[in-house]
Amino acid sequence: MRAHGAHPFLSPDQVVHRALFLSSVRKEDLISVAGPEGLAAMISLCRAGYERVECVRQSTCTGADEACDLLLIVGPMSADELGDTIRRTARLLRDDGVLVAQLSGAAQEAVVRPALAADGVESRFTLVDRSAGRLVMHTVRRAPQLRKAG
């Protein structure tokens, strides 16, 4: 385990394994990874047998991007950087998809919901995992006015 300031900070591989456990994604699910250690997380996922993994920087449009089952944000960031990353990528999540973000403190935890809301995404369930380091998991859904008519 690496140290980041006074708080323990998990390696990308540790974050991947904990996020897989928390989110219950399957090997056939689409996983998007973002953040400063997104590439290392993508490699860890591929080594674990997950073949539908992509590194993302931002969503483009609903016609161009396939909705993912898990959006995993990995690596040390400031609260502003985390909020910006979420605002750029949250639209990639399908309804009932899962966002897992690695945090270094409570200030980052406070930016997640507003960043999701700015992208028209609502958190339907939240779990903060402090078993080792700090991860937050949100199960999300599009705001009702943004859902496709079906």
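These remarks concern the structure in this document. This is a predicted model, so every value here is computed, not measured.

### Things to note about helix 3 (residues 79-89)
At step 1: For helix 3, the complete set of buried residues consists of Leu82, Gly83, Thr85, Ile86, Arg88 and Thr89.
At step 2: Among the structural elements, strand 3 (31-34), strand 5 (68-73), strand 6 (93-102) and helix 4 (106-118) are those in contact with the buried residues of helix 3.

### Section: the nonpolar core
At step 1: Membership of the largest hydrophobic core comes to 21 residues, with the highest contact counts inside it found for Leu71, Ile73, Leu82, Ile86, Leu99, Val112 and Leu116.
At step 2: Among the secondary structure elements, those contributing two or more residues to this core are strand 5, helix 3, strand 6, helix 4 and strand 8 (135-142).
At step 3: Non-local contacts of Leu116, meaning those with residues more than four positions away in its chain, are made with Ile86, Ala90, Leu99, Val121, Ser123, His138 and Val140.
At step 4: Listed in part, the 20 residues of the second largest apolar core include Val25, Tyr50, Val53 and Leu72.

### Concerning unusual backbone geometry
At step 1: Unusually for a residue other than glycine, Ser24 sits at a positive phi of about 60 degrees.
At step 2: When you line up the elements, Ser24 lands in the loop between helix 1 (12-23) and strand 3.
At step 3: Classification of Ser24 by relative accessible area gives exposed; the value is 56%.

Each value, and the rule that gives it
Residues numbered from 1 in each chain as written. Predicted model: local features only at pLDDT ≥ 70, side-chain atom pairs only at ≥ 80, totals over all residues. Heavy atoms only, no water. Buried < 20%, exposed > 50% of the residue type's maximum accessible area, 1.4 Å probe, protein only. Helix = DSSP H or I, 4+ residues; strand = E, 2+ residues; numbered from the N terminus. Contact = heavy atoms within 4.5 Å. Core = buried A, V, L, I, M, F, W, Y, C linked by side-chain atoms within 4.5 Å.

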